[in-house]
Amino acid sequence: MYRPLADEFRPQELDEVTGQAHILGPDGMLRRIADSGHIPNMIFYGPSGTGKTTVASIIARRTNRPLRRLNATTAGLADIKAIIQDLDTLLAPEGVLLYLDEIQYFNKKQQQSLLEFIENGKITLIAATTENPYFCVFNAILSRSTVFEFKPLTAEDVKKAMERVLRLLSERDGVSIDLEDGVLDYIASACGGDARKSLNTLELLYSTARPGAEGLLFTMEDARAVTQRSAMRYDRDGDEHFDILSALMKSMRGSDPDAAVHYLARFLETGDLLGACRRILCSASEDIGLAYPLAVPIVKACVDSALQLGLPEARLPLAEAVIFLATCPKSNTGCMAIDQAMADVRAGKAGPIPRHLQNVHADGTGFEREQGYLYPHNYPNRWVQQQYLPDTLKNARYYEYGDNKTEQAAKKYWDLVKGQG
């Protein structure tokens, strides 16, 4: 029966696993747990192809419990009940170790169905997820588990995994494999830290390789052909989406045009035009703000052009926008002011609107004479001292002038007008 290379040559010992030195190194906590044989409930969190399933399988073999596997994308309550029925029988007298892949796809009821048996120790859970477990795993499960993060593999880690599989493949089939210079380095880099993806690439190259001078020949041309766009890790509803959003925003805020263009390119390569546009529009107000208020209409024009053009031409006005924002002066005073004001409103700090600011809805009744509103345009410099905030907040300060040229010019003007200069 056919088995993918990634499964057929899956590491059988922790020493054969590449990467994850922070948890699987000689003093790594996960290695020490595996060596102890006392396995707690654990959640493995990290991108695909980083060894979560492999490590779980190795750990399972070190216990005296039968291993049960479920994938939450296809499993349901009936599958959980089938496992529970085996408990305390000859099939699982000491309980089971359950490896639950993609736990984020189980709803609350499905996750909670395991609680009783996790609590009494009859099920030891090792769950894996590509999403942040603190967002997708319910607290009752999370509080009974230890979270281990699996990080993307480096290109060197992936290359080591490929070299190991090529050696085993050559021994299995008794063939020599001839590699053009740089083939493994290229695949390791192009597969974006995903060992499974790199091994799938090797398998495809192996099955289609032409005979070379010393055996099957893996060429750079073939490697490029089968790794197109393969380094892209992206899910519009997943962590990677929000990580790229965050990185794009922070690069513009941090005035790094090169990084900003890089993260914009990631968005555009996935076709997520709207996601990029929303972040760029937001940055114009959140991070440039009053330091250069014209940034908003300028960026709006770039975004409108991009949406009208569509991809691939949309890359041009959007690149202009992110470079422009990254190189603009920065001010978050408007953002800070509205956030503090909204925090006070949510906290119940409001109070009646001063009478002289209320709508003149009683014209003709005589009440308007008691309103007392002072019309600023009737006074020098279009300003007159009067209270605008409610009495409960009359001394509140939400906006502080930024230290950029534009806001300091406004401050100087109003200090003179208000007699504070």
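As shown above, the structure is provided for reference.
Residues numbered from 1 in each chain as written. Predicted model: local features only at pLDDT ≥ 70, side-chain atom pairs only at ≥ 80, totals over all residues. Heavy atoms only, no water.

Chemist: A description of the pairing of strand 2 (residues 67–71) should follow, citing residues and the corresponding values.
Modeler: When strand 2 meets strand 3 (residues 96–101), the two strands line up parallel, connected through five bridges. Bridged to Leu67 within strand 3 is Leu97. Where the polypeptide runs from strand 2 across helix 5 (residues 77–86) and back to strand 3, its parallel neighbour, the crossover connection is right-handed. (Pairing = 2+ DSSP bridges. Helix = DSSP H or I, 4+ residues; strand = E, 2+ residues; numbered from the N terminus. Right-handed = clockwise from strand over helix to strand, strands pointing away.)

Chemist: Describe the sheet that holds strand 4 (residues 123–129), and please don't skip the residues or the numbers.
Modeler: Judged by pairing direction, the sheet is parallel, and its five strands sit side by side in the order 2-3-4-1-5 without closing on themselves. With one partner strand each, in any of the chains shown, strand 2 and strand 5 (146–149) form the two edges of the open sheet. Ignoring which end each strand starts from, the neighbouring axes of this sheet average 20° apart. Here strand 3 runs beside strand 4; their pairing, made up of five bridges, is parallel. Bridge pairing in strand 4 links Tyr99 to Ile126. In the packing of helix 5 onto the sheet, contacts are made with strand 2 and strand 3, and the angle to strand 2 comes to roughly 170°. (Axes fitted to C-alpha atoms, helices over the stretch in contact; angles between N-to-C directions. Contact = heavy atoms within 4.5 Å.)

Chemist: Provide a residue-level description of the pairing of strand 4, including the pertinent values.
Modeler: Burial of strand 4 is extensive: seven of the seven residues sit out of reach of the surface. What you see with strand 4 is no split at all: Ile123, Leu125, Ala127 and Thr129 on one side and Thr124, Ile126 and Ala128 on the other are buried throughout. Across four bridges, strand 1 (residues 42–45) lies against strand 4 in parallel orientation. Note on strand 4: the bridge partner recorded for Tyr45 is Thr129. (Buried < 20%, exposed > 50% of the residue type's maximum accessible area, 1.4 Å probe, protein only.)

Chemist: Please set out the sheet that holds strand 7 (residues 210–211) residue by residue, giving values where relevant.
Modeler: Taken in spatial order, the three strands make up an open sheet running 6-8-7, and their pairing is mixed. Whereas interior strands pair on both sides, the edge strands pair on one side only; in this sheet they are strand 6 (177–179) and strand 7.

Chemist: Any chance you could break down the pattern of salt bridges for me, citing the residues and the numbers?
Modeler: Under the definition given, this model contains 16 salt bridges. For the salt bridge of Arg253 with Asp287, the shortest nitrogen-to-oxygen distance reads 2.7 Å. On the criterion of sequence distance, the pair formed by Arg253 in helix 14 (residues 239–253) and Asp287 in helix 16 (residues 273–288) is long-range, its members being 34 residues apart. Overlapping salt bridges bring together Glu8, Arg172 and Asp173 as one network. (Salt bridge = Lys/Arg side-chain N within 4 Å of Asp/Glu carboxyl O.)

Chemist: I'd like a rundown of helix 11 (residues 183–190), residues and numbers included.
Modeler: Along helix 11, the residues that are buried comprise Val183, Leu184, Ile187, Ala188 and Ala190. As for helix 11, its buried residues are in contact with helix 10 (155–173), strand 6, helix 12 (195–208), strand 8 (216–218) and helix 13 (220–226). Gly192 lies just past helix 11 and shows a positive phi near 60°.

Chemist: Provide a residue-level description of the packing of helix 16 against helix 17 (residues 295–309), including the pertinent values.
Modeler: Between helix 16 and helix 17, the least distance of the axes is 9 Å, while the angle of their chain directions is 175°. Considering their axes alone, helix 16 and helix 17 lie roughly antiparallel with respect to each other. Contacts between helix 16 and helix 17 pair Leu273, Leu274, Cys277, Ile280, Leu281, Ala284, Ser285 and Ile288 from the former with Ala295, Val296, Val299, Lys300, Val303, Ala306 and Leu307 from the latter. Tallied by class, residues from the contact of helix 16 with helix 17 come to 13 nonpolar, one polar and one charged. (Parallel < 35°, antiparallel > 145°, perpendicular 65-115°, else oblique. Nonpolar A, V, L, I, M, F, W, Y, C, P; charged D, E, K, R; others polar.)

Chemist: Provide a residue-level description of the environment of Ala34, including the pertinent values.
Modeler: The topology assignment puts Ala34 in helix 3 (residues 29–36). As for Ala34 and Leu14, which are separated by 20 residues in sequence, their C-alpha atoms are 9.0 Å apart. Setting aside residues up to four positions removed in sequence, Ala34 forms contacts with Leu14, Ile39, Ile59 and Arg62.

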